[in-house]
Amino acid sequence: MLDALDTPGVHHALYAVGSMALFSIGLYGLLTRRHLLKIFMSLAIMEMAVYLLFIGLTTQPGRTAPILSDGLVEFAGTADPVPQALTLTALVIALAVLALGVSMSIRYHQLTGTTDVETMSALKDP
Amino acid sequence: MDQILLQSPLLTPTPIWLIALPLLVAFLSPLWGRARWPLLFGVHLGLFALALWLLAGVQDGPLIETLVIAPPLGIHLHADAVSLLLVALLTFAVALVAAFLWQGARAPHWQSRQAFVLIMLLSAGCNGMLLTGDLFNLYVFIEIAGVSAYLLSALRRDAAALEAGLKYLIIGAVSAVFILFATVLTYITTGTLNLAAIGMAFADIPAAMQILIGLLLLVGLGIKAELFPFNVWVPEIYRGSDPEASALFSGVVVKAFLFVLFNLVFLILADPAVVGRWLMILGGVTMVIAELTALRQRDLRRMLAYSSLGQVGLITLALGFAETTVVAGGLFHLVNHTLAKLLLFMVAALMLSRASSGHLDALTGIARRLPLAAGLFVLGSLSMLGLPPLAGFMSKLWIMAGFAEAGVFWPIALILLGALLEAAYFFRWIALFYRPVPAPRLASDPVGLPTASSAVTWPLLVLAVLLIGFGLAPVLLEPALNLAAEVLLDRSGAIEAVMGVRP
Amino acid sequence: MRLFLRVLSLMVVVTPAVTWFAWDGALVWPLFGGATLSFDVTPLASFFLLLLAMGAPLAALPMLRKEEPDWQLALFALLVLGMQGLLLAQDLVGFFIGWEIMTWSSWLLIVRSPRTDAGTAASYILFNLSAAFLLLAGLLGVYSLTGSFAIQALVDLTLAQGLVLVLLFGAAFLIKIGTLPLHLWIPRSYDQAPEPVTVVLSALVSKMGVYGLLLMLILFPEMPGRWFGDWLNGPLSGYGLAWIGVITSIVATFKAIAQDDMKRLLAYSSIGQLGYVTTAIGVGGALGISGALYHALVHTLVSLLLFISFAGIIAQTGQRRFNDLGELIYRMPISFFGVLIGIIALAGMPPLPGFASKFLIFVALIEAQWILLFAAVILSSAAAFLYCYKLIYAPFLGQANSPEARVAREAPWPYLIPQIILMGMLVGLGMFPGMGTALADPVLAALGLAPLDGPSLGTLATPYGGYDGVTLMLVFGIAFALVTALFYMLRGQLRRAGSRQDLSFAGEVPTPDQPLHYGAGMGRELRRIPLIGWILARSSSGFFSGLAERVERLAEHSSRLYPSQPWRWVQSFVVVFAVLLTWGLVRGGGL
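Residues numbered from 1 in each chain as written. Chains lettered and ligands numbered in written order. Predicted model: local features only at pLDDT ≥ 70, side-chain atom pairs only at ≥ 80, totals over all residues.

Chemist: Tell me what's going on with the overall build of chain A, and back it up with residues and numbers.
Modeler: The helix and strand tally for chain A stands at three helices and zero strands. Element order for chain A, N to C, with α for helix and β for strand: α-α-α. Scaling as 2.2 N^0.38, a compact globule of 126 residues should have a C-alpha radius of gyration of about 14 Å, whereas chain A reaches 20 Å, well beyond that. A principal-axis box enclosing the C-alpha atoms of chain A has dimensions of 65 × 35 × 20 Å. Within chain A, buried positions represent 26% of all 126 residues. (Helix = DSSP H or I, 4+ residues; strand = E, 2+ residues; numbered from the N terminus. Rg over C-alpha atoms; globule rule 2.2 N^0.38 Å. Buried ≥ 20, exposed ≤ 12 C-beta atoms within 10 Å, placed from the backbone.)

Written out as structure tokens, the structure reads:
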């Protein structure tokens, strides 16, 4: 009954709407949260939204992962391999940046006892 | 030409070494021990020589170096007269900063291995950004340069530096999201990530999508290239970082991003006139607002940050005009700004090592203790303002003469207004440096760091000599700059070199 | 190293003289885009180069003293190079380069003085850079019209093009000359600059503005004729310029009279004298231009002489206010004669050459039949006597009003040698007034005017009469000798007062700290004269400081655009992004 919905157009629309929603949630968090870790989480959510969009829009229902194994010898019936590879790379980078941010936050907390970007004041000039 | 290079042995000098060598040396950092700083200097001097050597070879057309598969499917490096010119400039700049740190940085955080690795990574990232011919690769190199920049900013690890580093990281991550978003949309709509192929296909995608991608790139790259209103983060970061790091940000990283921005504009858009006009306006606004705001700054680093923004605005104003003479002048100004800003930030580093803070009051009368540094500051600011006989004058004159030739006068008025505002604050700082102050305030060294050897001044003197030299004889650079401007504006040539067909 | 620097600087300082005597052939230096800088000596440049060649070594002598810092001479050498460059330049870029080197090197000379405050430093550089950038805008305008930077006659301009260019260049040079209301930077910077530097600023740097103004005659040959029509037998533009000059000289003269500080008085006097030069240029014609050049020459010599003399006094006493000096005639006799000769020339009295130059200007005004202007020039010339009187009386006569003035000694040789040379030059030029017009004649020829062609160097000849300088000088010399001899013969019979306070007037007996010379308080009463009081109470400084304040306030607003919280940054990006996106989508079309 719902087969009519199982078309690339509907899938892509769903992915687009979903990832935009996710992006907006991240952006909202970025604009309203003051806690450093929450800011990093918001950024991570925004990035995830972009990945989701990328993966979602470059594949179609019924396609398999572009992995050459289990008897598959060519990229027929698989999703486009490029976005998947790129997303993996981007994920690694994002993870590294996130880890860096978190570790710097911890260090900053140890030094100043605060995690609130609003009260950061070391750069204020007298 | 690329076939010949492909068949040659691994060790022939090809553009990939400009990226691979710094990465390699950085990853092998435990091996280097105390030789780190000479190595950093030497490697970049070598890369500088390599870039010049390659530059001599691309006079007639770009050098396409294929990695893995041939373009447009694979990834390639696109080394042409303009990107190699910038690589040469940036490696030279890094070499000078390295020499300065080698001789002058006595603070423990600059002595550490991290600093060495980070500068290497920064340089690899920037060279990659300049040379890559692939949009996603561009993103990766942007992140490499970005991460090392965040860490360099926080290198001092006190509250101020960490605050700057955290803020830089947040804003950098936002910029990265925008760039990644644009990359993703580009791939979805055009099905390719090769820049030349995108250039061919971009005109065919829906108009709304073009605008969305363009704006995403504008925000993403505008943040990193310090264009108003996306540059609001800059003063905070430069204020918190060490001046040595700010020298790299302002002299190296920003320049790479400016190139990326304009390379994309000129490569992807069939008619860059409209976008160029908007970028000119953006540049003009950036310049005037930044110079105006700089009037009120009471901290040396913050003042230099605003001055940097102003100059970036001027360069954008010139490059956005998309006309060979003005673009050549803009590239000349880009070179001069890098040289002068490196000089000013290194002088600021020297001054900060002797004064209790970068505040106006703490630096009053510093010229008596650091006469040479103050003199070099005067020289650097004269070039920054565009006063003869220094290089900054020649490049501003070049830009303005180009505008005058084209009969467009509002940028000239803006540039002169900006220069007047710039003069107001630079000369105020100089007057303060030379103000006589009562002796007791100068008596003790407040920081107590071991003083740097006098060899620390030779990178500064090299910069001073270059500023005077280019000011007296701009003809030295003229052929290279004209060629670079032509290549930067020659969209069909760049696309043909990769795709084999003219668009 | 120190000696080397000094010798090198001195060698640079005498280069204008070498250039003037021995220049042959042009020098060409490549710029970019096929443009070149070329340097050569034109007749006009040659005249001003002569001023530089005479003035620079003389002004350098006081800087050679051990008390003066090393950088002063070095920066002065740079300043001389800049001025020489702008005089020799055959194209506007070379001119601008020299102009700017002159600007920033003179600013560095001023700013390193301990007396210079932040306001002076800022006003000096901002006024001068504004002038420079107007000049730059003007030269770019010329470039866009002709496609070259060469200094050449611009013909066939439309009224709008011509007007814009003339205003840009004219404003630039009038700022440098310091005409009203653009003179504000002059008194404070001349006052606060180190004494040897003030000499240079007044005698040489200000003349470069005059050179620029004369250059405009070459650039815009059609300016008087075609553009603005005629007014009272002459071109309207020249008439306007002449009035600017006269008003400058009147106001500056009255301000000078009211000054209490020697260098400030001389600064205003310098503004006033250059006002005459501006007037003469405005009058134009062979007599006017000749008068302008002649007066520029005389003013160079006079301001060198006076500023060096007063530099000597300040160096010996540490005092710079008239009320703190006095009675120096016994202690500094050579300086006294220096100032005496200087003020006679400054006031334009015969037999010294100040008379000759003013004579030319007067004759030019009469020839043009601009009678109102003539009356105004006479008024300001007459008023100038008052401050000249103050200059000689207050420091040298009366009683000494400070301990330093009581024990002062004659100024050291580095001050005296240039004074003696300059006195000789002034007397010589007074005796041979034809020399000045002979020097100006090639310039007139280059500007397409008929040279004055005096019959001999000893006479000043104009179509409206002239005089014989040798006779005049002899008459005055003999009269001077007679009066002096009479004074010495009668000296024994003059009644001598017991002390200088040995007098009483209006029932009061003066106290020792009361300055008794007539110069004290002179100008205070001027404020009660209706028009003059109004002039003295006005100043354009309010306008400029208001402008500065407004810019500062604007800067305060713009600094709010740079917040320090990351979420605010992102907020602004999102807003800008959303606005641009909406606008782009509504507008339709791609990139």
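Chemist: Break down the overall build of chain B for me, with residues and values.
Modeler: Each helix and strand counted, chain B has 22 helices and two strands in total. In terms of overall size, chain B behaves like a compact globule, its C-alpha atoms giving a radius of gyration of 22 Å where 503 residues would be expected to give roughly 23 Å. Considered along the principal axes of its C-alpha atoms, chain B spans approximately 70 × 55 × 40 Å. Among the 503 residues that make up chain B, the fraction classed as buried is 69%. Once local pairs closer than 6 in sequence are excluded, the contacts in chain B between residues at least 24 apart make up 78%. (Contact = placed C-beta atoms within 7 Å.)

Chemist: Account for helix H9 (residues 195-219) of chain C, with residues named and values stated.
Modeler: Residue and element names in this part refer to chain C. For H9, spanning 25 residues, the distance from its first C-alpha to its last is 36 Å, which sits close to the expected 36 Å at 1.5 Å a residue. Helix geometry: H9 is bent most strongly at Leu201, by close to 40°. Of all 25 residues that make up H9, 22 are buried, and the element is covered over most of its length. (Expected span 1.5 Å × (residues − 1). Bend = angle between axes of the 7 residues up to and from the residue.)

Chemist: Tell me what's going on with the UniProt feature "transmembrane region" (unreviewed entry) in chain A, and back it up with residues and numbers.
Modeler: Residues and elements named next belong to chain A. Per the UniProt annotation, the sites labelled "transmembrane region" (unreviewed entry) are residues 12-31, 43-62 and 82-102. From the first C-alpha to the last, residues 43-62 spans 31 Å; its make-up is 75% helix and 0% strand. Measuring from the first to the last C-alpha atom of residues 82-102 gives 30 Å, for a span that is 100% helix and 0% strand. (UniProt positions renumbered as here; feature names shortened; annotations may be inferred.)

Chemist: Describe helix H1 (residues 8-32) of chain A, listing the residues and the values that go with them.
Modeler: Taking 1.5 Å of rise per residue, the 25 residues of H1(A) would be expected to cover 36 Å, and the 36 Å separating its terminal C-alpha atoms lies within 8% of that figure. Within H1(A) the residues assigned to the buried category are Ser19(A), Phe23(A), Gly26(A), Gly29(A) and Leu30(A). Close packing links the buried residues of H1(A) with helix H2 (36-57) of chain A together with helix H23 (566-587) of chain C.

Chemist: Residues and numbers for the interface of chain B and chain C, please.
Modeler: At the junction of the two partners, chain B supplies 53 residues and chain C supplies 52 residues. Within the residue set of the side of chain B that touches chain C, elements represented by two or more residues are helix H8 (159-190), helix H10 (207-225), helix H11 (234-240), helix H13 (273-294), helix H18 (391-406) and helix H19 (410-433) of chain B. In terms of residue count, the dominant contributor to the side of chain B that touches chain C is H19(B) (10 residues). Across the side of chain B that touches chain C, the residue classes break down as 42 nonpolar, five polar and six charged. (Nonpolar A, V, L, I, M, F, W, Y, C, P; charged D, E, K, R; others polar.)

Chemist: Tell me about the UniProt feature "domain: NADH:quinone oxidoreductase/Mrp antiporter transmembrane" (unreviewed entry) in chain B, and please be specific about residues and values.
Modeler: Following the UniProt record, the feature "domain: NADH:quinone oxidoreductase/Mrp antiporter transmembrane" (unreviewed entry) maps to residues 133-419 of chain B here. Strand forms 0% of residues 133-419 of chain B and helix 79%; the C-alpha atoms that close the span are 36 Å apart.

Chemist: An account of the nonpolar core is requested, with residue identities and associated values reported.
Modeler: Membership of the largest hydrophobic core comes to 463 residues, with the highest contact counts inside it found for Ala256(B), Leu343(B), Val347(B), Met351(B), Ala484(B) and Phe76(C). The leading source of residues in this core is H8(B), at 22 residues. With near-sequence residues (within four places) excluded, Ala256(B) lies in contact with Leu90(B), Cys126(B), Met129(B), Leu130(B) and Ala145(B). (Core = buried A, V, L, I, M, F, W, Y, C linked by C-beta atoms within 7 Å.)

Chemist: Describe the packing of H10(B) against H23(C), naming the residues involved and giving the relevant values.
Modeler: At a closest axis distance of 10 Å, the pairing of H10(B) and H23(C) adopts a crossing angle of 155°. Classified by the angle their axes make, H10(B) and H23(C) are roughly antiparallel. The element H10(B) and its partner H23(C) pack so that their crossing is right-handed. Along the contact surface, H10(B) presents Ala208(B), Ile211(B), Leu212(B), Leu215(B) and Val219(B), while H23(C) presents Phe573(C), Phe577(C), Leu580(C), Leu581(C), Gly584(C) and Leu585(C). (Axes fitted to C-alpha atoms, helices over the stretch in contact; angles between N-to-C directions. Parallel < 35°, antiparallel > 145°, perpendicular 65-115°, else oblique. Left-handed = near helix turned anticlockwise from the far one by under 90°.)

Chemist: Tell me about the interface of chain A and chain C, and name the residues and values.
Modeler: Opposite the six residues of chain A that make contact, chain C presents seven residues. For the side of chain A that touches chain C, the per-class residue count stands at five nonpolar, no polar and one charged.

Chemist: Can you explain the environment of Leu136(C)? Please cite residues and give values.
Modeler: Looking at the secondary structure, you find Leu136(C) in helix H6 (residues 118-146). Classification of Leu136(C) by C-beta neighbours within 10 Å gives buried; the count is 27. Once the C-alpha coordinates of Leu136(C) and Trp71(C) are considered, the two residues, 65 residues apart in sequence, prove to be 29 Å apart. In this view, Leu136(C) contacts Leu416(B) and Phe96(C); residues no more than four positions away in its chain are not counted.

Chemist: Quick one: what's the story with the confidence of the model for chain B, residue by residue and with numbers?
Modeler: Here chain B shows a mean pLDDT of 89. Residues at 70 or above account for 94%. Interface predicted TM-score (ipTM) for the complex: 0.93; the corresponding pTM is 0.93. (pLDDT = per-residue confidence, 0-100.)

Chemist: Go over the pairing of strand E1 (residues 27-30) of chain C with me, naming the residues and quoting the values.
Modeler: Residues and elements named next belong to chain C. Pairing of E1 with strand E2 (residues 36-39) involves four bridges; the strand directions are antiparallel. Residue Leu27 lies in a different strand from E2, and its bridge partner there is Phe39. Hairpin connection of E1 to E2: five residues between the antiparallel strands, including Gly33 at a positive phi of 60°. (Pairing = 2+ DSSP bridges.)

Chemist: Before we move on, can you summarise the packing of helix H14 (residues 333-347) of chain C against helix H18 (residues 413-431) of chain C with the specific residues and values?
Modeler: When two helices pack together, their arrangement is captured by the angle between the axes and the distance separating the axes. All names here are of chain C. Packing of H14 against H18 leaves a shortest axis separation of 10 Å and a crossing angle of 35°. Two packed elements cross with a definite hand, and for H14 against H18 that hand is left-handed. When H14 is examined against H18, the residues Ile334, Ser335, Phe337, Gly338, Ile341 and Ala345 are found in contact with a partner set consisting of Leu416, Gln419, Met423 and Leu426. For the contact of H14 with H18, the class distribution of residues is seven nonpolar, three polar and no charged.

Chemist: Please give an account of the environment of Phe48(C) that cites residues and values.
Modeler: All names here are of chain C. Along the chain, Phe48 falls in helix H3 (residues 43-63). Separated by 23 residues in sequence, Phe48 and Gly25 place their C-alpha atoms 19 Å apart. In contact with Phe48, other than residues within four places in its own chain, are Leu87, Lys207 and Tyr211.

Chemist: Please provide a residue-by-residue account of unusual backbone geometry, values included.
Modeler: A negative phi holds for most residues other than glycine; trans holds for most peptide bonds. In this structure, the amide linkage connecting Phe228(B) to the following residue, Pro229(B), adopts the cis form with an omega of 0°. Counting through the fold element by element, Pro229(B) comes out in the loop between H10 and H11. With an omega of -10°, the peptide bond running from Leu180(C) to Pro181(C) counts as cis. Here Pro181(C) lies in the loop between helix H7 (159-177) and helix H8 (185-192). With a phi angle near 65°, Arg157(B) is a residue other than glycine that sits in the positive phi range.

Chemist: Before we move on, can you summarise the environment of Gly238(C) with the specific residues and values?
Modeler: Looking at the secondary structure, you find Gly238(C) in helix H11 (residues 236-257). Gly238(C) sits 253 residues away from Arg491(C) along the chain, and the two C-alpha atoms are 54 Å apart.

Chemist: Mind laying out the confidence of the model for chain A, listing which residues take part and the relevant values?
Modeler: Averaged over every residue, the pLDDT of chain A is 86; the share at 70 or more is 91%. Mean pLDDT across the elements of chain A bottoms out in H1(A) (91) and peaks in H2(A) (93).

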